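# Descriptive analysis of the structure
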Amino acid sequence: MSMIRKIREKAGKYLLRKAGSRTVRNRKVINLEDASDIGIIYYLPDETVYAKVSEFVRQLQDSGKKVKALGYVESKRLTGRFLPKLSYDFLYPAGLNWFCKPVAEAARDFIDTEFDLLIDLSTEDMIPLLHITALSKAKFKAGMLSNERKPHLDLMISLQGKGGLDELITQIRHYTSILNRNYDSTDD
């Protein structure tokens, strides 16, 4: 990794901590069954990941959920092979500022949407996706456990071994389905 990239990422992490602590949202525990609007973010390194995320999105949509997916892609050539879909947007490196913060319109719209549930399907800590998770106005946020994500997620899934994306999807589906529907974090 180049020295400039290290500086950018360090500065991006610093700004992320500051911005994430100031995010205002209507925080509420929401069961997967009760969620009507769901946002999904993910890192898209290859077509295999796209197929897995697409299947998960399709299953949610088939159960009556409104789903919006935003994938971070480092190569525009990769997404050129996918059919455009209304519920999918992509974020590219050109849509980031110098500090790796997403500034593209698709990312800003996603962040400003008050989803019932935000599902972070990234299995790596990537600063652009961390920014989206931290700044999102979603009522409830779920994703993989990591030190970088702890301040921003309401439900964290620990992946043991080589489960990867498949295991993360399975665990998020399981745990968000069994959440106590009567719990309200504002009661604390």
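Chains are numbered independently. Their residues run from 1 in the order of the written sequence. Local features in this predicted model are restricted to residues whose pLDDT is 70 or higher, and side-chain atom pairs enter the listing and the counts only when it is 80 or higher, whereas totals over whole chains, interfaces and linings include all residues. Neither water nor hydrogens contribute to the side-chain values; these are computed over all heavy atoms in the structure.

So, about the nonpolar core. Residues Ile38, Ile40, Tyr42, Ile119 and Leu121 are the most contacted members of the largest nonpolar core, which totals 33 residues. Strands are runs of DSSP state E lasting at least 2 residues, helices are runs of H or I lasting at least 4, and numbering of each runs from the N terminus. Every element with two or more residues in this core is listed here: strand E1 (37–43), helix H2 (47–62), strand E2 (66–72), strand E3 (88–91), strand E4 (117–120), strand E5 (140–144), strand E6 (155–157) and helix H6 (164–177). Every residue pair with non-hydrogen atoms within 4.5 Å of one another is taken to be in contact. Filtering out sequence-adjacent residues up to four positions away, isoleucine 40 remains in contact with Phe56, Val57, Leu60, Val67, Lys68, Ala69, Leu70, Phe110, Ile119 and Leu121. We call a set of buried Ala, Val, Leu, Ile, Met, Phe, Trp, Tyr and Cys residues a nonpolar core when their side-chain atoms join them within 4.5 Å. The buried label applies to any residue whose accessible area, calculated with a 1.4 Å probe on protein chains only, is under 20% of its type's maximum; exposed applies above 50%, and partly exposed to all values in between. Leu91, Ile111, Leu135 and Ala138 belong to the second largest nonpolar core, which has 16 residues in total.

Here we take up the layout of surface pockets. A pocket here means an open set of points on a 1 Å grid, computed over the protein atoms alone, that has protein on both sides within 12 Å along at least five of seven lines. A cavity is instead a set of points where a 1.4 Å probe fits but cannot get out; residues with an atom within 4 Å of a point line either one. Grid points are joined across faces, edges and corners, and a volume is the space filled by probe spheres set on the points. Considering only enclosed or pocket space, the largest pocket measures out at about 360 Å³ in volume. Surrounding the largest pocket, 17 residues form its lining, Arg5, Glu9, Tyr72, Glu74 and Pro128 being those nearest its centre. Looking at the lining of the largest pocket, the elements with two or more residues in it are helix H1 (3–21) and helix H5 (127–135). Looking at the lining of the largest pocket element by element, the count peaks at four residues for H1. Gly is put with the polar residues, along with every residue not named as nonpolar or charged; the nonpolar set is Ala, Val, Leu, Ile, Met, Phe, Trp, Tyr, Cys and Pro, and the charged set is Asp, Glu, Lys and Arg. By residue class, the composition of the lining of the largest pocket is nine nonpolar, no polar and eight charged.

Take the pattern of salt bridges next. Put simply, a salt bridge is a Lys or Arg side-chain nitrogen that is within 4 Å of an Asp or Glu carboxyl oxygen. What the rule picks out here adds up to nine salt bridges. A salt bridge links glutamate 55 to arginine 58; the nearest nitrogen and oxygen atoms lie 2.5 Å apart. Within this pair, glutamate 55 and its partner arginine 58 are both found in helix H2, separated by three residues, close to a single helical turn. Between aspartate 125 and arginine 149 there is a salt bridge, and its shortest N-O distance comes to 2.8 Å. Note that aspartate 125 is positioned in the loop between E4 and H5 and arginine 149 in the loop between E5 and E6, a separation of 24 residues in sequence. The exposure class assigned to arginine 149 is buried, which follows from its relative accessible area of 1%. Each of Glu55, Arg58 and Asp62 takes part in a single network of salt bridges with overlapping partners.

Take unusual backbone geometry next. Glycine aside, negative phi is the norm for most residues, and most peptide bonds take the trans geometry. Positive phi, normally seen in glycine, also occurs at cysteine 100, with a value near 70°. With respect to the helices, strands and loops of the structure, cysteine 100 is situated in the loop between E3 and helix H4 (105–112).

Turning next to the sheet that holds E5. When DSSP locates at least two bridges between a pair of strands, those strands are taken to pair. Taken in spatial order, the six strands of this open sheet run E3-E2-E1-E4-E5-E6, and their pairing is parallel. Each of the sheet's edge strands pairs with one partner strand only, and the pair in question is E3 and E6. In this sheet, neighbouring strand axes are inclined to one another by 15° on average, regardless of whether the strands run parallel or antiparallel. Strands in contact with H4 are E1, E2, E3 and E4; relative to E2, the strand with the most contacts, it is inclined by about 135°. All axes here are fitted lines through C-alpha atoms, helices being fitted over the stretch that makes contact, and every angle between N-to-C directions spans 0 to 180 degrees. H5 rests against E1, E2, E3, E4 and E5 of the sheet, and its axis sits at about 160° to E1.

The next point concerns the packing of aromatic side chains. Note on ring pairs: Phe, Tyr and Trp rings are taken, using the six-membered ring of Trp, and paired if centres are within 6.5 Å. Classes follow the plane angle, with under 30 degrees stacked, over 60 edge-to-face and the rest tilted. This model, assessed by the stated rule, comprises five aromatic pairs. Plain terms: the ring middles of tyrosine 50 and tyrosine 88 are 5.7 Å apart, the flat faces sit at 50° to each other, and that makes the pair tilted. With a gap of 38 residues between them, tyrosine 50 in helix H2 and tyrosine 88 in strand E3 connect regions that are remote in the sequence. Joined through ring pairs, the aromatic side chains of Tyr50, Tyr88 and Phe90 make up one cluster.

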